[in-house]
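Now for the letters of each chain:
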Amino acid sequence: DGVPKESKAMIDLPIGRDPKHPSQFRVDPNGKSAQTYYEVERQTSTNALVKLQPRTGRTHQLRVHCQYINAPIKGDRVYGTAAERLYLHAYQLQITLPNGTNHIFTADVPEDFVL
């Protein structure tokens, strides 16, 4: 919901709990290290399809980092503006099972994400 100022960048900003809203998080210099790489894949004047790649795994990391760069995830009722749905989709997940085997799962981008 919005277009990032830069077409691609690494957001390297720590995240901590918001003391005014304990169930929410915010960029906080005293928080834990958090890094998210992003790249704008398509955009209009008001919205962008952004590929997000978290390098760390903090709670609400993608949502907080997108809000911080003034491009909150569309439909995010907590860190942005409500919409008919949350426009956040895991295109690809990679996990390592306890037996050491690696698995990659891919799911196509939903049609309603296309700009």
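Caption draft 1: Molecular detail of unusual backbone geometry. With a phi close to 60°, histidine 60 is a non-glycine residue in the positive phi region. Of note, histidine 60 is situated in the loop between β5 (48–54) and α1 (61–68). The class of histidine 60 is partly exposed, set by a relative accessible area of 25%. Non-glycine residue asparagine 70 carries a positive phi angle of around 60°. Along the polypeptide, asparagine 70 turns up in the loop between α1 and β6 (92–96).

Caption draft 2: Summary view of the pattern of salt bridges. Going through the model one piece at a time under the given rule, you end up with three salt bridges. One salt bridge in this structure joins arginine 85 and aspartate 112, with 3.1 Å as the shortest N-O distance. Of this pair, arginine 85 sits in the loop between α1 and β6 while aspartate 112 sits in the segment after β7 (102–106), and the two are 27 residues apart along the sequence. Looking at arginine 85, the relative accessible area reads 30%, which means it is partly exposed. The partly exposed category is assigned to aspartate 112, whose relative accessible area is 42%.

Caption draft 3: Focus on the packing of aromatic side chains. The full count for this structure, using the stated rule, is one aromatic pair. Between the aromatic rings of tyrosine 87 and phenylalanine 113, the centroid separation amounts to 5.3 Å while the plane-to-plane angle is 40°, which identifies the pairing as tilted. With tyrosine 87 in the loop between α1 and β6 and phenylalanine 113 in the segment after β7, this pair connects stretches of sequence that are 26 residues apart. For tyrosine 87, a relative accessible area of 18% corresponds to the buried category. Judged by relative accessible area, which is 9%, phenylalanine 113 ranks as buried. Over the face of the ring belonging to tyrosine 87 we find lysine 74, whose NZ or CZ atom lies 5.8 Å from the ring centre. The ring of tyrosine 87 has arginine 85 sitting right over it, with the charged end atom 5.1 Å from the ring centre.

What counts and what doesn't
- Residues numbered from 1 in each chain as written.
- Predicted model: local features only at pLDDT ≥ 70, side-chain atom pairs only at ≥ 80, totals over all residues.
- Heavy atoms only, no water.
- Helix = DSSP H or I, 4+ residues; strand = E, 2+ residues; numbered from the N terminus.
- Buried < 20%, exposed > 50% of the residue type's maximum accessible area, 1.4 Å probe, protein only.
- Salt bridge = Lys/Arg side-chain N within 4 Å of Asp/Glu carboxyl O.
- Phe/Tyr/Trp six-rings, centres within 6.5 Å; stacked < 30°, edge-to-face > 60°.
- Lys NZ or Arg CZ within 6 Å of the ring centre and 35° of its normal.

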